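Commentary on secondary and tertiary structure
Here are the chains, one letter per residue:
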Amino acid sequence: MTTSQKHRDFVAEPMGEKPVGSLAGIGEVLGKKLEERGFDKAYVVLGQFLVLKKDEDLFREWLKDTCGANAKQSRDCCGCLREWCDAFL
Amino acid sequence: MAGLSDPELRRELQALGFQPGPITDTTRDIYRKKLRCLKEEARTRNEERLREEARLRARPAAASHRAEPWPSPPASSSACVTAGAYGDLGASAASWSKSRNLAYPARPVPFRRHASVRGSSEEDEDSRPLHRAAPGLGTRRWWAASQTPVRLPSALLGPDARPGLRATRAGPAGAAQAQPEVGRWLERCLSRLLLWASLGLLFVFLGILWVKMGKPSAPQEAEDHMKLLPVDCEKKTDEFCQAKQKAALLELLHELYNFLATQAGNFECGNPENLKSKCIPVTEAQEYIANVTGSSSAKFKAALTWILSSNKDVGICLKGEDPSESVTTVDKVVCLESARPRMGVGCRLSRALLTAVTHVLIFFWCLAFLWGLLIFLKYRWRKLEEEEQAMYEMVKKIIDVVQDHYVDWEQDMERYPYVGILHVRDTLIPPQSRRRMKRVWDRAVEFLASNESRIQTESHRVAGEDMLVWRWTKPSSFSDSER
């Protein structure tokens with residue numbers, strides 16, 4: 001399963017202050033919606049992922065409810081975050 | 001549901017076996033949804049169980065497999081969490097392949113979730129057992145099955161949507177089992193046979209010993225025969241004379257017999273008097289008899305004549321010049337020999353022992369040889385089995401290495417998708433063991449070339465050198481047998 005360049009870029013280094021749009025699967029539209037809800041940085045979304053105890057299903061459900069992500073988008077985002085956690089957390 | 005406070009929500013979730021994280025503003029809705037789903041699932045599961053039981057009573061055999069679907073703890077049942085089109089194999093495979101390094105047990109929940117997610121998305125309550133037949137579930141079902149050994153039999157018995165690899169892995173293992181089985185059975189039979197043969201031989205030996213030891217009845221026989229002697233009265237022919245002469249003859253013969261027997265016995269048993277042979281010269285015998293009984297040579301000759309003429313076995317052999325020819329007249333007789341030498345008990349025992357041993361020797365050596373063969377065969381079988389196990393271990397390691405290499409290449413950490421065979425060998429086997437493991441390695445390479453479809457053996461130029469390489473042919477993610 002090949003990963004996108006965005007994914008690889010995100011997972012390659014600590015996220016620091018990267019915007020939420022740098023997450024894999026989160027494009028302009030979704031990014032804007034998340035920012036409206038207060039999730040303006042990638043680390044806030046990470047926070048949500050961690051608060052849901054890294055549960056994939058719950059996180060994806062949350063993402064769907066919060067910004068209307070579809071299956072692929074939420075899968076990409078979740079995978080990206082999980083891998084980042086594996087590498088840096 | 002909406003009226004629940006956070007602690008109450010938490011308690012409810014925990015009662016259904018789910019451990020929620022912090023309930024914050026952003027997570028509250030999600031957990032409420034979850035609780036709703038769990039309650040619904042618990043309800044449907046109860047109904048399902050009741051229905052299954054009813055069905056079981058009607059058709060016990062067939063339903064037993066299906067009654068097992070996910071009897072697992074409540075923690076796994078998130079079938080209702082995402083009812084959308086979330087069932088994709090790729091996700092799980094990708095995420096799995098990335099996180100391969102994590103301990104497998106650490107991620108039980110997500111995988112099971114995937115399985116049940118897919119299941120829920122395409123079934124309704126009634127067709128729950130049928131979801132096993134869905135081809136897409138091959139991996140998941142197998143994952144879940146591999147986690148709980150209890151479920152494994154039911155998974156195995158399910159329809160054959162499983163990856164073929166599992167079957168082939170069971171194949172060689174089964175075949176390897178069959179070979180030692182036959183070997184073991186043969187071993188058992190052979191050893192039992194040998195045991196009985198040894199015991200039988202022992203008894204035969206003792207029997208021979210016994211037979212050789214005792215012949216106490218022989219002299220009796222000879223004496224009985226002697227009682228039937230025709231009377232040869234020299235001087236007088238009346239009753240008294242006849243009887244007396246008969247008695248004298250008897251006595252003479254008896255003495256002769258004894259003498260010969262003892263001489264023969266002495267000869268056989270160590271020969272203390274240094275006799276030349278068992279055959280006593282006539283003159284000597286006559287002398288002895290004359291000393292003992294005081295009878296004349298005529299009587300002696302008469303006795304000899306009688307022995308010659310009699311057909312019965314008296315226990316005295318008359319031998320002439322030529323031992324092979326039988327003697328007909330008294331003049332030709334050169335020496336006398338006892339047919340039943342009298343030997344002491346010790347002597348008899350030792351002779352019997354010797355005879356028995358020599359007779360039995362051949363069988364003994366045969367048995368010893370067979371025992372040796374058995375031990376050797378056992379050793380060999382054990383060695384073969386060990387070698388086979390070592391080979392399979394090596395094959396497993398090689399597959400892992402080649403696959404890892406390929407995955408690394410996918411992540412741009414390696415330059416080529418293939419890896420040299422020698423490189424793999426040098427990675428897996430430390431230098432000091434290379435010679436020792438050569439045989440195992442060669443067999444493993446052979447096995448891979450013939451039996452492993454996911455790895456191709458090719459020849460490529462690697463770093464300027466032509467060498468044989470292994471390339472992982474990327475099949476679908478069903479085929480990972482060990483993950």
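Note that the coordinates shown come from a computational prediction; the quantities given were computed from them, not determined experimentally.

Focus on the overall build of chain B
Along chain B, the regular secondary structure elements total 15 helices and six strands. Here chain B holds 483 residues, and 36% of them are scored as buried. Of the contacts formed within chain B by residues at least 6 apart in sequence, a portion of 64% connects residues at least 24 apart. Counting every atom, chain B has about 28,200 Å² of accessible surface; 58% of that belongs to carbon and sulfur.

Things to note about the pattern of salt bridges
Residues and elements named next belong to chain B. For the coordinates displayed, the defined rule picks out 26 salt bridges over all chains. Close ionic contact of Glu-386 with Arg-382 constitutes a salt bridge, the shortest N to O distance being 3.8 Å. Linking Glu-386 with Arg-382, this pair stays in helix H13 (residues 345-410), spanning four residues, or about one helical turn. On the accessibility criterion, Glu-386 (43% relative accessible area) is partly exposed. In this structure, a network of salt bridges that share partners links the residues Arg-43, Glu-47, Glu-48 and Arg-51.

A look at the sheet that holds strand E2 (residues 316-319) of chain B
Residue and element names in this part refer to chain B. If you trace the three strands from one edge of the open sheet to the other, you get E1-E3-E2, paired in antiparallel fashion. Whereas interior strands pair on both sides, the edge strands pair on one side only; in this sheet they are strand E1 (280-281) and E2. Relative to the sheet, helix H10 (residues 239-268) contacts E1, E2 and strand E3 (335-338), its axis offset from that of E3 by approximately 75 degrees.

Digging into the sheet that holds strand E6 (residues 465-472) of chain B
Residue and element names in this part refer to chain B. The strand order across the open sheet formed by three strands is E4-E6-E5, and the pairing between neighbours is antiparallel. Looking at which strands have only one partner, the edges of the open sheet turn out to be strand E4 (418-420) and strand E5 (455-462). With direction set aside, neighbouring strand axes in the sheet form an average angle of 40 degrees. Along the sheet, H13 contacts E4, E5 and E6; its crossing angle with E6, the most-contacted strand, is approximately 95 degrees.

Considerations on a nonpolar patch on the surface
All names here are of chain B. A cluster of nonpolar side chains, contributed by Leu-195, Trp-196, Leu-199, Leu-202, Phe-203 and Leu-206, occupies part of the molecular surface with about 630 Å² of accessible area. Here Leu-202 shows up in helix H8 (residues 164-213). Leu-202 gets classed as partly exposed once you look at its relative accessible area, which sits at 44%.

Examining helix H11 (residues 282-293) of chain B
All names here are of chain B. With twelve residues, H11 should reach 16 Å at 1.5 Å per residue; the first-to-last C-alpha distance of 16 Å fits that figure. Looking only at H11, the buried set comprises Val-282, Ala-285, Gln-286 and Ile-289. Summarising the axial view, the buried residues of H11 lie within an arc of 95 degrees, below the 170-degree limit, and thus occupy one face. Those residues of H11 that are exposed and angled more than 90 degrees off the buried face are Thr-283, Glu-287 and Asn-291. Of the surrounding secondary structure, the elements contacted by the buried residues of H11 are H10, E1, helix H12 (297-309) and E3. Two residues or fewer past H11, Gly-294 is found with a positive phi of approximately 75 degrees.

Regarding the UniProt feature "transmembrane region" (unreviewed entry) in chain B
Residue and element names in this part refer to chain B. Within this structure's numbering, the places UniProt gives as "transmembrane region" (unreviewed entry) are residues 193-211 and 352-377. Strand forms 0% of residues 193-211 and helix 100%; the C-alpha atoms that close the span are 27 Å apart. In residues 352-377, helix accounts for 100% and strand for 0%; the two terminal C-alpha atoms are 37 Å from one another.

A look at the environment of B:Val407
Its location among the elements puts B:Val407 in helix H13. For the pair B:Val407 and B:Trp472, spaced 65 residues apart in sequence, the C-alpha separation works out to 9.2 Å.

Here we look at the nonpolar core
Side chains of nonpolar character tend, in soluble globular proteins, to be buried together. Ranked by size, the top nonpolar core spans 36 residues in total, and within it A:Leu23, A:Leu34, A:Phe59, A:Leu63 and A:Leu81 carry the most contacts. Where this core is concerned, the elements lending two or more residues are helix H1 (5-11), helix H2 (28-36), helix H3 (42-51), helix H4 (56-67) and helix H5 (71-88) of chain A together with helix H1 (6-15) and helix H2 (25-58) of chain B. Tallying contributions element by element places H5(A) first for this core, with six residues. Setting aside residues up to four positions removed in sequence, A:Leu63 forms contacts with A:Ile26, A:Leu34, A:Gly68, A:Ala69, A:Ser74 and A:Cys77. Of all hydrophobic cores here, the second largest spans 21 residues; its members include B:Leu253, B:Tyr257, B:Trp306 and B:Ile316.

The rules behind each value
- Residues numbered from 1 in each chain as written.
- Chains lettered and ligands numbered in written order.
- Predicted model: local features only at pLDDT ≥ 70, side-chain atom pairs only at ≥ 80, totals over all residues.
- Heavy atoms only, no water.
- Helix = DSSP H or I, 4+ residues; strand = E, 2+ residues; numbered from the N terminus.
- Buried < 20%, exposed > 50% of the residue type's maximum accessible area, 1.4 Å probe, protein only.
- Contact = heavy atoms within 4.5 Å.
- Areas by Shrake-Rupley, 256 points an atom, 1.4 Å probe, with all protein chains shown as cover.
- Salt bridge = Lys/Arg side-chain N within 4 Å of Asp/Glu carboxyl O.
- Pairing = 2+ DSSP bridges.
- Axes fitted to C-alpha atoms, helices over the stretch in contact; angles between N-to-C directions.
- Patch = residues over 30% accessible without salt bridge, like charges linked within 9 Å, V, L, I, M, F, W, Y side chains within 5 Å.
- Expected span 1.5 Å × (residues − 1).
- Arc of directions from axis to C-beta.
- UniProt positions renumbered as here; feature names shortened; annotations may be inferred.
- Core = buried A, V, L, I, M, F, W, Y, C linked by side-chain atoms within 4.5 Å.

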